[in-house]
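An overview of the molecular structure
The chain contents come next:
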Amino acid sequence: MLYGLETRNVSAWFGDRKVLDRVSLTVAPGGVTALIGPSGCGKSTYLRILNRMHEMVRGAALAGEVLLDGRDIYDPQQRPTEVRRRIGMVFQRPNPFPAMSVYDNVISGLRLAGIKADRRRKDHLVESSLRRAGLWTEVSSRLRTPGGALSGGQQQRLCIARSLAVSPDILLMDEPCSALDPTSTRRIEETIAELRSELTIVIVTHNMQQAQRVSQSCAFFLATHDTPGHIVESGPTEQLFEAPRDSRTADYVGGRFG
Ligand SMILES: Nc1ncnc2c1ncn2[C@@H]1O[C@H](COP(=O)(O)OP(=O)(O)OP(=O)(O)O)[C@@H](O)[C@H]1O
């Protein structure tokens, strides 16, 4: 079963400073949605709001609703750990536990998510998660190697496998390739393409070619000195790039600013 996400009038603050203003966006189940826009327009903040990480920042506040399967993830009855299991996150810099083995890295989220598994189930989860992340053939003979001994691109795919091991419905990716070389970037993009029929992906990217290659939908965020981040335009990726409705979108995707 594929799930989408809907945000309604999401605003966010750091202290007194409003950084997002009434962002509403529907992310359809399955496929990849790219969040694009100049630096500082609130893309990462918005992404962190989608799995309740924003509230972990001291002084951070938010308003609005984020619906997963029709239920607000901020409903007081929802447990943040369960929300974060269903809505996983991969960060800009690969962050495996460096001294922990590849095997243990993959299953490191189970306990936090309250998932109990015997040895056979763990073996199965490690293999299937590494396969889904496109890393199995490269590491199957060295599952006991420390995660920190893998290349940067492999570490990022290990982090994707770790997220997948707890069976998320949504995977959030915050510039997952920005610390990687072009070959590793391609590899991650292939992994994203393979995963998109299995779960819903929301990716922040600065790379316009990447947004076009990997996403089917796009949302263009913008902030100015007197307006907090907001969505100028969203829709099918092809439309945003080939026939944007707003001249600011045309200027941004055409490389004229940002
Ligand atoms: N922890 C924080 N405390 C205070 N302000 C913050 C914090 N994190 C982000 N901000 C501010 O919120 C605004 C939005 O930042 P955010 O990182 O979401 O933008 P972004 O579009 O993802 O930028 P980039 O593309 O450069 O990563 C910026 O003005 C930033 O300075």
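Before reading further, recall that the structure is shown in the block above.
Residues numbered from 1 in each chain as written. Predicted model: local features only at pLDDT ≥ 70, side-chain atom pairs only at ≥ 80, totals over all residues.

Looking at the overall build of the protein
In terms of helices and strands, the protein carries ten helices and ten strands. Taken over C-alpha atoms, the radius of gyration comes to 18 Å for the protein, in line with the 18 Å a tight globule of 258 residues would show. For the protein, the spread of C-alpha atoms along the three principal axes comes to 55 × 40 × 30 Å. Within the span of the protein, comprising 258 residues, buried residues form 43% of the whole. (Helix = DSSP H or I, 4+ residues; strand = E, 2+ residues; numbered from the N terminus. Rg over C-alpha atoms; globule rule 2.2 N^0.38 Å. Buried ≥ 20, exposed ≤ 12 C-beta atoms within 10 Å, placed from the backbone.)

Notes on the site of the ligand
Lining the immediate surroundings of the ligand are F14, V19, G37, S39, G40, C41, G42, K43, S44, T45 and V57. No other element matches helix α1 (residues 43-49), which puts three residues into the shell around the ligand. For the shell around the ligand, the residue count by class is four nonpolar, six polar and one charged. (Near = placed C-beta within 6 Å. Nonpolar A, V, L, I, M, F, W, Y, C, P; charged D, E, K, R; others polar.)

Some remarks on the nonpolar core
Residues L35, A161, L172, V202 and F220 are the most contacted members of the largest nonpolar core, which totals 67 residues. When residues of this core are assigned to their parent elements, the largest contribution, six residues, is made by strand β9 (residues 217-224). (Core = buried A, V, L, I, M, F, W, Y, C linked by C-beta atoms within 7 Å.)

Focus: the environment of D16
As for its position among the elements, D16 is in the loop between β1 (5-14) and β2 (17-27). On the basis of neighbour count, D16 is assigned to the exposed category, with 7 C-beta atoms found within 10 Å. Distance in space between the C-alpha atoms of D16 and G59 is 8.7 Å, their sequence separation being 43 residues.

Brief notes about the packing of helix α6 (residues 152-164) against helix α7 (residues 182-195)
Relative placement of two packed helices is described by the angle separating their axes and the distance separating the axes. Running from N to C, α6 and α7 point in directions that differ by 20 degrees, and their axes come no closer than 9 Å. Relative to α7, the element α6 is oriented roughly parallel. Judged by the sense of rotation from one axis to the other, the crossing of α6 with α7 is right-handed. Here G152, G153, Q156, R157 and I160 of α6 lie close against α7, whose contacting residues are S184, R187, I188 and T191. Split by residue class, the contact of α6 with α7 holds two nonpolar, five polar and two charged. (Axes fitted to C-alpha atoms, helices over the stretch in contact; angles between N-to-C directions. Parallel < 35°, antiparallel > 145°, perpendicular 65-115°, else oblique. Left-handed = near helix turned anticlockwise from the far one by under 90°. Contact = placed C-beta atoms within 7 Å.)

Observations concerning the environment of R86
Positionally, R86 belongs in helix α2 (residues 80-86). As a C-alpha pair, R86 and I73 span 13 residues in sequence and 10 Å in three-dimensional space. When sequence neighbours within four positions are dropped, the list of residues in contact with R86 reads L68, P168, D169 and I170.

Describing unusual backbone geometry
Unusually for a residue other than glycine, R52 sits at a positive phi of about 60 degrees. Among the secondary structure elements, R52 is positioned in the loop between α1 and β4 (60-68). In this structure, E175 takes a positive phi of about 45 degrees despite not being glycine. By secondary structure assignment, the location of E175 is in the loop between β7 (170-174) and α7. On the basis of neighbour count, E175 is assigned to the buried category, with 21 C-beta atoms found within 10 Å.

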